[in-house]
Structures are given as structure tokens and as C-alpha cells.
Amino acid sequence: SKARLRKPAYLPEAARDLLRSQMERHGDDMMMLMATVLMLQYEAAEELALNIAREPKLVRPGPGDRDTLNQLLPARFFDLQQQLARRARAVADAAKARDDARIVKAYGSLAETCVACHSTYFRGPPETGAE
């Protein structure tokens, strides 16, 4: 049985649905990427990492976007989405260079982004004025 993310209480079902297929694709790609990194399958690792980096992004809501699903997501989510793409490209670059030490460090950094994003997803946006 496939691991599933918990449902955050602050986020309505429609917004969770918006993210579900993307998160599932990322999860599948990350599991395959881990296997290719461990087995030093450079071409496959590069391709999988580029798939993650090139995936279409959710657009950060603008100041007047009060009635959009994206507006319900924590602002940090959009920063992490960009970080995910950068770090996935770093994995692809290391795989292309066949640099074993660099590829494992890059994969670790990529996985850190995944965990940070999941944490943000579960916790939700900070309370207004809580900074």
C-alpha cells in the first residue's frame, strides 16, 4: 500500500485535490530517483530529476487573488516549489557530470525540500500578525 500524506485541517478538499496529483507524481519520481542515485544510473537519474524540475508550477497568488485556491496555500509553499526545481536541477547536473559525491549530496538537499514542503503543507499558513 502506498504511503499517503495526512490531510491538513486548514485546507479545504478542493485545494488538497489541486495538490494531490502533483504530490503523488513527486513521490513516485523521488522513489525512482533515490533508486537510480543509489545504483549510480546517471542517465535515468538525470531524466527523473529534470522531470521534477520542469513540472509546471502553481502560480503564486497576487494581492487581489482572494477567491483562488492558490491563495489558501501558505506563502512558503511557493518558495519551496522554486527551491525544489533548483535542487532537482542540481541533481540532474551532478548525474550528468557523473559526480558520485555531488549527486548524493544534491539528492539529500532535494529530499530536505520535500520534507520542508510537507511540513509547511501540514502546518498551514502562519497566524496573521504572528511574525
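Residues numbered from 1 in each chain as written. Predicted model: local features only at pLDDT ≥ 70, side-chain atom pairs only at ≥ 80, totals over all residues. Heavy atoms only, no water.

A. Layout of the overall build of the protein chain. Along the backbone of the protein chain there are 4 helices and 0 strands. Along the chain direction, N to C, the helices and strands of the protein chain fall in the order α-α-α-α. Counting only C-alpha atoms, the protein chain reaches 45 × 35 × 25 Å along its principal axes. Counting the 131 residues in the protein chain, one finds 37% classified as buried. The contacts of the protein chain with a sequence gap of at least 6 include a subset with a gap of at least 24, amounting to 65%. Carbon and sulfur atoms provide 54% of the accessible area of the protein chain, an area that totals close to 8,300 Å². For the protein chain, the distance from the average position of its 20 positive side-chain charges to the average position of its 18 negative side-chain charges is 2 Å. (Helix = DSSP H or I, 4+ residues; strand = E, 2+ residues; numbered from the N terminus. Buried < 20%, exposed > 50% of the residue type's maximum accessible area, 1.4 Å probe, protein only. Contact = heavy atoms within 4.5 Å. Areas by Shrake-Rupley, 256 points an atom, 1.4 Å probe, with all protein chains shown as cover. Lys, Arg positive; Asp, Glu negative; His and termini not counted. Charge placed at Lys NZ, Arg CZ, Asp CG, Glu CD.)

B. Broad picture of the packing of aromatic side chains. Under the counting rule described, the total for this entry stands at 2 aromatic pairs. Judged by centre distance (5.4 Å) and plane angle (90°), the ring pair of F77 and F78 falls under edge-to-face. (Phe/Tyr/Trp six-rings, centres within 6.5 Å; stacked < 30°, edge-to-face > 60°.)

C. Summary view of the packing of helix α1 (residues 13-38) against helix α4 (residues 100-123). Two numbers describe how α1 lies on α4: the axes approach to 12 Å, and their chain directions differ by 155°. Put simply, α1 runs roughly antiparallel to α4. Note on packing geometry: the crossing formed by α1 with α4 is left-handed. Along its contact with α1, which presents R16, L19, M23, M30, L33, M34 and V37, the element α4 presents I103, V104, Y107, L110, A111, C114, H118 and Y121. (Axes fitted to C-alpha atoms, helices over the stretch in contact; angles between N-to-C directions. Parallel < 35°, antiparallel > 145°, perpendicular 65-115°, else oblique. Left-handed = near helix turned anticlockwise from the far one by under 90°.)

D. Examining helix α3 (residues 75-97) more closely. Here α3 spans 34 Å end to end across 23 residues, near enough to the 33 Å set by a 1.5 Å rise per residue. Restricting attention to buried positions, one finds in α3 the residues F77, F78, L80, Q81, L84, A85, A88, V91, A92, A94 and A95. Buried positions along α3 lie against α1, α2 (42-54) and α4. One or two residues past the end of α3 sits R98, with phi positive at roughly 55°. (Expected span 1.5 Å × (residues − 1).)

E. Broad picture of the nonpolar core. One finds M30, L33, V91, I103 and L110 to be the most contacted residues of the largest nonpolar core, which totals 20 residues. Contributing elements (two or more residues each) for this core: α1, α2, α3 and α4. If we ignore the near neighbours within four places in the chain, the residues touching M30 are I52, Y107, L110, A111 and C114. Membership of the second largest hydrophobic core comes to 12 residues, among which are A15, L80, A116 and C117. (Core = buried A, V, L, I, M, F, W, Y, C linked by side-chain atoms within 4.5 Å.)

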